[in-house]
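Geometric and topological summary
In case you want the letters, here they are:
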Amino acid sequence: MSIQVLAPEIADAIAAGEVVERPAAALKELLENSLDAGARRVVIEVRGAGKTLIRVADDGSGIPPEELELAFRRHATSKIRRLEDLERVSSLGFRGEALASIASVAEVECRSGPARIRLRHGRVLEQGVAPPSPGTVIEIRDLFQNTPARLRFLKTDATEIAACRRQVEAYALIYPGVRFELLVDGRPALRSSGSGEARDAALAVHGERIAVELMPVESHGVRGLISGPSLSRGNRDGILLAVNRRPIFSRSLLHAIEECYAGLLERGRYPVVVLNLELDGSLVDVNVHPTKREVRFHHESGIFASLQRAIRATLEGSQVPNLVLAERDTSVAAPMTAAGTVSGSWGAKSTARAALAPAGLPGADPDEPPAARAVGQVGPGYLVAEAADGLILIDQHAAHERVLYNRLLARLRAGGVASQPLLLAEVVELDAGMRAAADDNFRQLRDLGFEFEDFGPQALRLTSAPADTPAARAPDALRELLQVLAGSGTAGERLEGAAASLACHSAVRFGDQLDPAEQARLLRELDLTEPSLTCPHGRPTRLLVSWAELRRHFRRNY
Ligand code: ADP
Ligand code: MG
């Protein structure tokens, strides 16, 4: 399509706004133009944090000489013509605004094919011929010199350079078939191979250590690479999401990704993710944000679910294989009542071991062969076990916490946690905030197994506690729960937080002595829960030393 100025009614229908507020934004627009032109190679040079020079040279289709000046007019584009085109744009650009905006705040020179144009602050300085070369070169100099307010708003050079670099990285990751080279102040800063392999692009951007760990995702219209439980970062900078190969920001899809890693990564740790969602154009509206960073989805919940299914399919394949022993260990069946409370010798104990009984979970079947044979307890609170895959070291507190957390969530879903009357009601002192939280969350607390009565303005009289929580720990558990329930987050998040807190208060402690039967029960239960490798707070529950590793170490063949 040739470049034409959009009719006013179409231009008006386009989300207006500032597109070049910093050097990285100008660079992003140039990269998009090169990719829209079908470039296979893009060379980028940044000097003076982008304020001195941004130069992008590509080998794309180029701009016809007679259209070169038009390309710098506002709303001049070759990518859409009519309003209907907006609904199905497949190009990264479509507003016809970027070159005009950039030329209004800088000096710009563009060479394409045999033609050349130079503009400054929106006015054409000269036009002429250039030695013919494939593709297009655009140079932006002295960005924002005529808008000192904008210059003042820029961050430090290091931050602006990092932002430029991130833009190149994003497109390099999403377009592995395009070779990107970035030079910052004359020094090579990034070079992707353009091989078409996502992992090669990840290697260029994230380095070898990370690239080799990434696992492919390819289902439900979602493609890319993700990290597993063994790799994480302290911020979200490693998460890149694209829709139809347009990098986007979406709070809800970010949430969808993070949810898949809940329980696999410690709190505050984030995965490395590069994913592209291939969606029918009618399901996504890109014309909602001036820099096209945010998009609107139709049927967002379906997209959310597809993304999660695709990620989970990969993550599940990566879990430590389920630990199953061929032989049966018959020592571990424990009696329990239908309500899930424990009878027999353990029931009388006031320690957390009472909760080390088989859970009332679906499929919690005492006839199942045990996952592993408990060998014993070592150090202050580790269990050693032997399984089909190797030797397992278990943090007894973290592991029990995970078991209880899963059990609590399952019971909450099924209608509520089993409660046990306290032999002696406990008066629990509260501050005003906790007291208010108790009133506000009366139903949630009852579902979690706490029953209480009013006891003056600053206290409650606790009459029943969750069956899995030792009575002596119930007051502290309740106090912490009230803080969690009064905290921020959605109702669901707060309830999950409450379950995590309750599990922590109810689990065996790291220093507790466990007898062999108790050890065996914990092992059995740990295997019955989902194959999470961490406690709900993110601390690892177990370490597997495989037989293969042992054989390698001791140089044995069997
Ligand atoms: P948009 O990308 O929204 O169309 P721009 O202002 O970014 O608007 O660019 C205007 C037009 O200039 C584009 O539609 C395209 O036809 C042409 N153009 C810009 N950069 C390039 C390039 N690197 N290669 C080929 N054509 C380009
Ligand atoms: Mg553009």
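Keep in mind it's a predicted model, so treat the numbers as computed, not measured.

Turning our attention to the site of ligand 1. Taken together, 19 residues surround ligand 1, and among them Thr77, Ser78, Lys79, Arg95 and Gly96 come closest. Lys79 is positioned such that a nitrogen or oxygen atom in its side chain is 2.7 Å from an oxygen atom of ligand 1. Notes on ligand 1: free accessible area 530 Å², of which the protein chains cover 95%.

Turning to the pattern of salt bridges, a few remarks are in order. Pairing of side chains with opposite charge becomes possible as their charged atoms draw close. By the definition in use, this model includes 34 salt bridges. The closest approach of N and O atoms between Arg88 and Asp280, which form a salt bridge, is 3.7 Å. Of this pair, Arg88 sits in the loop between helix H3 (83–87) and helix H4 (98–104) while Asp280 is found in the loop between strand E13 (273–277) and strand E14 (284–285), placing the two residues 192 residues apart along the sequence. Given a relative accessible area of 55%, Arg88 falls into the exposed group. Residue Asp280 is classed as partly exposed on the basis of its relative accessible area of 42%. One salt bridge connects Asp468 with Arg407, and the closest N-O pair in it is separated by 2.9 Å. Linking Asp468 in the loop between strand E21 (459–466) and helix H14 (474–485) with Arg407 in helix H11 (residues 396–413), this pair joins segments that are 61 residues apart in sequence.

Right, let's talk about the sheet that holds strand E20 (residues 451–454) for a bit. What the 3 strands build is an open sheet, ordered E19-E21-E20; its pairing is antiparallel. Of all the strands in the sheet, just strand E19 (419–429) and E20 have a single pairing partner and so form its edges. Across the sheet, the mean angle from the axis of one strand to that of its neighbour is 20°, orientation sign disregarded. With 4 bridges connecting them, E20 and E21 associate as antiparallel partners. Its bridge partner lying in E21, Asp454 is registered against Leu460.

Once that is clear, we can look at the nonpolar core. Counting residues in each nonpolar core, the largest one holds 62 residues, and the members touching the most others are Leu27, Ile44, Phe72, Ile140 and Phe180. The dominant element in this core, judged by the number of residues it contributes, is helix H6 (residues 157–174), at 8 residues. Three or more residues apiece are contributed to this core by two domains, here domain 1 (8–191) and domain 2 (213–316). Apart from the residues lying within four places of it in its own chain, the contact partners of Leu27 are Ile44, Val46, Ile54, Val56, Cys164 and Val168. Residues Leu6, Leu86, Val217 and Leu265 belong to the second largest nonpolar core, which totals 39 residues.

Before going further, it helps to examine the pairing of E13. A large share of E13 lies buried, amounting to 5 of its 5 residues. Every second residue of E13 is oriented toward a common face, with Val273, Leu275 and Leu277 on one face and Val274 and Asn276 on the other, all of them buried. Examined bridge by bridge, strand E10 (residues 222–226) and E13 share 5 bridges and lie antiparallel to one another. Note that in E13 the partner of Ile226 across the bridge is Val273. Taken together, the 5 bridges between strand E11 (residues 239–243) and E13 define a ladder with parallel strand orientation.

What counts, and where the lines are drawn
- Residues numbered from 1 in each chain as written.
- Chains lettered and ligands numbered in written order.
- Predicted model: local features only at pLDDT ≥ 70, side-chain atom pairs only at ≥ 80, totals over all residues.
- Heavy atoms only, no water.
- Near = heavy atom within 4 Å.
- Polar contact = N/O pair within 3.5 Å; in protein donor to acceptor, adjacent residues only side chain to side chain.
- Areas by Shrake-Rupley, 256 points an atom, 1.4 Å probe, with all protein chains shown as cover.
- Salt bridge = Lys/Arg side-chain N within 4 Å of Asp/Glu carboxyl O.
- Helix = DSSP H or I, 4+ residues; strand = E, 2+ residues; numbered from the N terminus.
- Buried < 20%, exposed > 50% of the residue type's maximum accessible area, 1.4 Å probe, protein only.
- Pairing = 2+ DSSP bridges.
- Axes fitted to C-alpha atoms, helices over the stretch in contact; angles between N-to-C directions.
- Core = buried A, V, L, I, M, F, W, Y, C linked by side-chain atoms within 4.5 Å.
- Domains from an automatic or database assignment.
- Contact = heavy atoms within 4.5 Å.

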